[in-house]
Amino acid sequence: MASNNTTQTAVVLFKDGYDMHLYGLDNGLFYYFHVTSIVCLTVSIICALYTIISSFRSHPDGFFTGWTKGERLAVYLSICDLLLSISLLMNHLHILITKTLFRPKELCSFFGFIMTEFVLAQILIVNVVAINVFTTMFFGKNFSFGKFDSGILLWSFGVPFIGALIAAILDKFGPVGIACFFDAINGRVAYLVLITIPITTIMVVNVLLYILTFIKIRIDVRAIRQHLGNMASTAGRHIRAARNMSMFVVAFFVQWSCLALSGVWIMFEDDTAEIPEGLKFILGIFTNLGGVLNLIVYLAVFRKTRSMPNIATSMEPRKPHTVSDNNKKPAQINSPV
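- The name given to the chain in an unreviewed UniProt entry is G-protein coupled receptors family 1 profile domain-containing protein, with the source organism recorded as Mya arenaria.
- Database annotation for the chain, UniProt heading Subcellular location (unreviewed entry): "Membrane".

1. Observations regarding the packing of helix α4 (residues 105-139) against helix α5 (residues 150-169)
Move 1: Two elements in contact, α4 and α5, have axes whose closest approach is 8 Å; the angle formed by their N-to-C orientations is 145°. Crossing of α4 against α5: the hand is right-handed. Across from Phe-113, Thr-116, Glu-117, Phe-118, Leu-120, Ala-121, Leu-124, Ile-125 and Val-128 in α4, the residues of α5 making contact are Ile-152, Trp-155, Ser-156, Phe-157, Val-159, Pro-160, Phe-161, Ala-164, Leu-165 and Ala-168.
Move 2: Taken together, the residues that form the contact of α4 with α5 break down as 16 nonpolar, two polar and one charged.

2. Thoughts on the packing of helix α2 (residues 30-58) against helix α8 (residues 277-286)
Move 1: Where α2 meets α8, the axes come as close as 8 Å, and the angle between the chain directions of the two elements is 20°. Taken together, the axes of α2 and α8 are roughly parallel relative to one another. Crossing geometry of α2 relative to α8 is assigned as right-handed. Where α2 abuts α8, its residues Tyr-32, Phe-33, Thr-36, Ser-37 and Cys-40 lie against Lys-280, Phe-281, Gly-284 and Ile-285.
Move 2: For the contact of α2 with α8, a count of residues per class yields five nonpolar, three polar and one charged.

3. Quick word on the state of the cysteines
Move 1: Tallied over the entire structure, the rule returns one disulfide.
Move 2: In this model, Cys-108 is linked to Cys-180 through a disulfide, with the two sulfur atoms separated by 2.1 Å. Here the disulfide of Cys-108 and Cys-180 is left-handed, its torsion about the S-S bond being about -115°. Of this pair, Cys-108 sits in helix α4 while Cys-180 sits in strand β2 (residues 180-182), and the two are 72 residues apart along the sequence.

4. Structural notes on a nonpolar patch on the surface
Move 1: Where nonpolar side chains cluster on the molecular surface, the patch consists of Phe-138, Phe-139, Val-204, Val-207, Leu-208, Ile-211, Leu-212, Ile-215, Ile-219 and Phe-253 and spans about 920 Å² of accessible area.
Move 2: Elements that contribute at least two residues to the nonpolar patch include exactly α4 and α6 (188-228).
Move 3: It is α6 that contributes the most residues to the nonpolar patch, seven residues altogether.
Move 4: Its place among the elements puts Ile-219 in helix α6.

5. Overview of the nonpolar core
Soluble globular proteins tend to bury their nonpolar side chains together.
Move 1: Formed by 87 residues in total, the largest nonpolar core has its most connected members in Leu-73, Phe-182 and Ile-195.
Move 2: Counting residues per element, this core draws most heavily on α4, which supplies 19 residues.
Move 3: When residues no more than four places from it in sequence are discounted, the contact partners of Leu-73 are Ile-125, Val-129, Phe-145, Ile-152, Met-245 and Phe-248.

6. Points about the UniProt feature "transmembrane region" (unreviewed entry) in the chain
Move 1: Mapped onto this structure's residue numbering, the UniProt feature "transmembrane region" (unreviewed entry) falls at residues 29-53, 73-90, 110-140, 152-170, 190-215, 247-268 and 280-301.
Move 2: A helix fraction of 100% and a strand fraction of 0% characterise residues 190-215, whose end C-alpha atoms lie 37 Å from each other.
Move 3: Helix makes up 86% of residues 280-301 and strand 0%, whereas the separation of the span's terminal C-alpha atoms amounts to 31 Å.

Cut-off values and rules
Residues numbered from 1 in each chain as written. Predicted model: local features only at pLDDT ≥ 70, side-chain atom pairs only at ≥ 80, totals over all residues. Heavy atoms only, no water. UniProt positions renumbered as here; feature names shortened; annotations may be inferred. Axes fitted to C-alpha atoms, helices over the stretch in contact; angles between N-to-C directions. Helix = DSSP H or I, 4+ residues; strand = E, 2+ residues; numbered from the N terminus. Left-handed = near helix turned anticlockwise from the far one by under 90°. Contact = heavy atoms within 4.5 Å. Nonpolar A, V, L, I, M, F, W, Y, C, P; charged D, E, K, R; others polar. Parallel < 35°, antiparallel > 145°, perpendicular 65-115°, else oblique. Disulfide = S-S within 2.5 Å. Patch = residues over 30% accessible without salt bridge, like charges linked within 9 Å, V, L, I, M, F, W, Y side chains within 5 Å. Areas by Shrake-Rupley, 256 points an atom, 1.4 Å probe, with all protein chains shown as cover. Salt bridge = Lys/Arg side-chain N within 4 Å of Asp/Glu carboxyl O. Core = buried A, V, L, I, M, F, W, Y, C linked by side-chain atoms within 4.5 Å. Buried < 20%, exposed > 50% of the residue type's maximum accessible area, 1.4 Å probe, protein only.

Structural data, given as structure tokens:
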């Protein structure tokens, strides 16, 4: 009887995420984790704001006037990181000050909804970049993002909104011990379907697409250099364009690889406490530095390209150039983005 009573008590005790202990209180890591997260999030917010403001100041004529695809994508990703960081910052500040999880549950669910929306939006945006570069280099097709980027915006923000809305209707959001996201008890399947599977799958797909893309670039460039000689710098611009856009994927991998790993870990563990402490800290650092990573991409690529018109223009689609074989000039190489 004692055994049965113990089992029944455990089931009742953990009916939702609010019945679980706050992370860090039992092992002395509470302040280290939340203070570190708050610092990272504050820096991320500042960097995201800088990227957005600097981008618009550099193009006073309007958002779609003279902007490359890459520059617009940097703004979209920075907006995602800004709103995501603000949401997480409020979570960590509340927990640090009160040492309690966010209440009421509706407010906690709202923050979980926001996190799901903008985490998935970033994942889908970067995946569109990877697919666009791949199809351009292999098939000569540079997909349009739609008028005023309506296509990529509907895909990247509309699909996550539908998924998050369904999760909210099914009451799958709630506390997870360190913040408000998917409920630690009732939201495990929703977390698997909406976060772990998409982010892991897209991460693998993105890496494969860029490996194949750079192989294709190398093959084309070697063939071109055999014919062009001193004019091979034209091919170099395409390499730089593809490499520039691949930095989005690198930043994506750095920011979200730990989240994917922890999600896979949870699939095989019944208790989130079984996740190694080191992984939790790395997760708390890199997932909170999205604004910093996007600023690095912005400074390394787009600020520099403004002073190098040939590279900047190569970030946009070019009309294919086809010349006769008699002149020994290359077949077309389309710009990847």
